[in-house]
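Read off the chains here:
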Amino acid sequence: MTTNTTPARLARAAPRPRVHFAPRRNWMNDPNGLVHHDGIHHLFFQYNPEGTDWGNMSWGHATSEDLVTWTEHEVALRYDDDAQIFSGSIVSDVANTSGFGTDGRGPLVALYTAAAEHGQSQALAWSPDDGATWTKYGVVLDRGTADFRDPKVFRHEDAWIMVTVEAVDRQIHLYRSEDLRSWHHLSVFGPEGPTEGVWECPDLFALDGAWVLTLSVNPGHPTGGSGMLAFVGDFDGVRFTADRWHWLDHGSDYYAGVTFSGLDRPVMMAWLNNWAYAHELPEATWRGSMALPRLLSLRDGRVIQQPAVAPAEVLRFSASDVALDEEGWELPEEGLQTATRLRLTLVPGDDVVEISLRGRGQVTALPEIRLTYAAGQVTLERDGSDMLPGLDAFSTVARTEVALTDHGTLDVEIWIDADSVEVFAAAGAVTLSVLTLADYGRQQLVVRGRGDGHAVLSEIRAAELLSGVGAAAGATRG
Ligand code: FRU
């Protein structure tokens, strides 16, 4: 295997993602304070203003109208001698229930975790000017414990509800408030479902007649390391009860996702990474990017995810009715640009269809992403074995299988950006997000059929994604 692909070489070559958010410089992890306010989407994020490693945690800030093109702003909330600023959320307090508003205008109110030496508590900060400047008010909820964090606040009936975790206990604690300052304990959920890892970054929202509690767990995801899950159930204003749960994303790089406040329908953003190797990945001037924002819905008791963005695009290649054999059909080079969205319709017959994305020539040491489909089962793999010296956790084969109720034609969307691939299959029932560390402009996509030779690629369309916005944008405006 070719191994001139060192972390240092990759870092130098690192192309910036075109349709995913990445900070201009320094370390980033979780999205925080997602709020749609006065027609603008605000993204705050776990940020080290001083370096490309985790530390000095503060909230970075970026805004976007369309969730594709982002403008980065000054650090919004900076760590101080007392505490680091861990994850949390923002609400627009239109009715000024908190009393921080001025001139008849409700403030934006942030609830975040103050992470101090002696423990973690929930603190409040507010902004009178639409998120441009912030004033720390102080701690509003303290249980005197070490791992109590990640408050997500939403409006429910005539009160505010806060969802938090006792991370190590694998428990969700729900609180209620009238004014965002004084909080009363409502109930506890968990441990339940996957409990191998700590529980972090919860969210709770109504979705198509049910209630969904999403969580990030570290470790315990089927591909190894950290990942997200969804409990589907009911919330009666006090207590959440779960009927079932499932993993939210089947790839190895989808974590700490939460939904925007202030949109009509839940749109989730997550960190495109995994704590198992986030610290080891090659660093450019920046380190970390977000996954595509996703519009959520519910079908057959599962959370369905569709991209909530519509970047401007140029169709580079299309074909139909391609018969598939073992040797495979290769997408012509113009079909794979640095940022590309592929739409494929697979008709497997009794065969297995395999889609393989891998490096050309010198970069064959980069991982191969394989997606296979047969008889109602999708298998997704990132095979990065021996890929990078010193990146053992990234290099292990990550493999997941997902059963589908449907055995016939499968529609697959593959979003390829500078260093990542996100797959949306079966109309959003199956998603897979993975970092590839590759510039897929130099990659190769092959579609194969294994079996009696009856599999067909009935349609493929490859569009280059530009960093601006296409005509269909605006779908996510609340
Ligand atoms: C999740 C997390 C949160 C915490 C933050 C610290 O990735 O561990 O629980 O608030 O990151 O950066």
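See the structure printed just above.
The model shown is predicted, which means the values in this text are computed figures rather than measured ones.

What counts and how
Residues numbered from 1 in each chain as written. Predicted model: local features only at pLDDT ≥ 70, side-chain atom pairs only at ≥ 80, totals over all residues. Heavy atoms only, no water. Helix = DSSP H or I, 4+ residues; strand = E, 2+ residues; numbered from the N terminus. Buried < 20%, exposed > 50% of the residue type's maximum accessible area, 1.4 Å probe, protein only. Areas by Shrake-Rupley, 256 points an atom, 1.4 Å probe, with all protein chains shown as cover. Pairing = 2+ DSSP bridges. 1 Å grid on protein atoms, 1.4 Å probe; cavity = no way out; pocket = protein on both sides within 12 Å on 5 of 7 lines; lining within 4 Å. Points joined across faces, edges and corners; volume = space filled by probe spheres on them. Nonpolar A, V, L, I, M, F, W, Y, C, P; charged D, E, K, R; others polar. Near = heavy atom within 4 Å. Phe/Tyr/Trp six-rings, centres within 6.5 Å; stacked < 30°, edge-to-face > 60°. Lys NZ or Arg CZ within 6 Å of the ring centre and 35° of its normal.

Enquirer: Would you mind showing me how to read the overall build of the protein chain here?
Expert: The helix and strand inventory of the protein chain stands at two helices and 33 strands. Among the 478 residues that make up the protein chain, the fraction classed as buried is 60%. Accessible area of the protein chain: about 17500 Å², with a carbon and sulfur share of 45%.

Enquirer: Where do I start with the pairing of strand β27 (residues 377-383) in this structure?
Expert: Taken residue by residue, a regular strand's side chains alternate between the two faces of the sheet. Counting buried positions over the seven residues of β27 gives five, a clear majority of the element. Bridging between strand β26 (residues 368-374) and β27 involves seven bridges; their strand directions are antiparallel. Among the inter-strand pairings, I369 is bridged to a residue of β27, identified as R382. Between β26 and β27, which follow one another and run antiparallel, lie two residues, and A375 among them has a positive phi close to 40°.

Enquirer: Where do I start with empty space enclosed by the protein in this structure?
Expert: If a probe as big as a water molecule is rolled over the atoms, it shows which places are left empty. This structure, assessed with the given rule, holds five cavities of 30 Å³ or more. Reported here for the second largest cavity is a volume of approximately 60 Å³. Tallied by class, the residues present in the lining of the second largest cavity amount to five nonpolar, four polar and three charged.

Enquirer: Before we go on, may I ask you to explain the site of the ligand in this structure?
Expert: As a matter of local geometry, the ligand sits amid N29, D30, Q46, W54, F86, S87, R149, D150, E200, C201, Y255 and W275. In isolation the ligand has 320 Å² of accessible area, and contact with the protein removes 95% of it. Counting only elements with at least two residues in the shell around the ligand, the list comes to β1 (26-37), β5 (84-92), β9 (148-156) and β13 (198-207). Among the residues making up the shell around the ligand, the classes are represented as five nonpolar, three polar and four charged.

Enquirer: Honestly, the packing of aromatic side chains in this entry has me stumped. Any pointers?
Expert: Pairs of aromatic rings are described using the distance from one ring centre to the other and the angle between the two planes. On inspection of all chains with the given rule, the structure shows 22 aromatic pairs. Summarising the aromatic geometry, the rings of F44 and W134 are spaced 5.8 Å apart at their centres and angled 90° between planes, so their arrangement reads as edge-to-face. Of this pair, F44 sits in strand β2 (residues 40-47) while W134 sits in the loop between β7 (119-127) and β8 (135-141), and the two are 90 residues apart along the sequence. Each of the two residues, F44 as well as W134, counts as buried. Between W59 and Y112, the ring centres sit 6.2 Å apart and the planes meet at 65°, which makes this aromatic pair edge-to-face. Highlighted residues: W59 in strand β3 (residues 58-64) and Y112 in strand β6 (residues 108-116), separated in sequence by 53 residues. Each member of the pair, W59 as well as Y112, carries the same accessibility label: buried. Linked through ring pairs, F21, F45, Y47 and W70 together constitute an aromatic cluster. In this structure, R16 packs its charged tip against the face of W286, placed 4.7 Å from the ring centre. A cation over a ring is seen here: R341 above W415, with NZ or CZ 5.6 Å from the ring centre.

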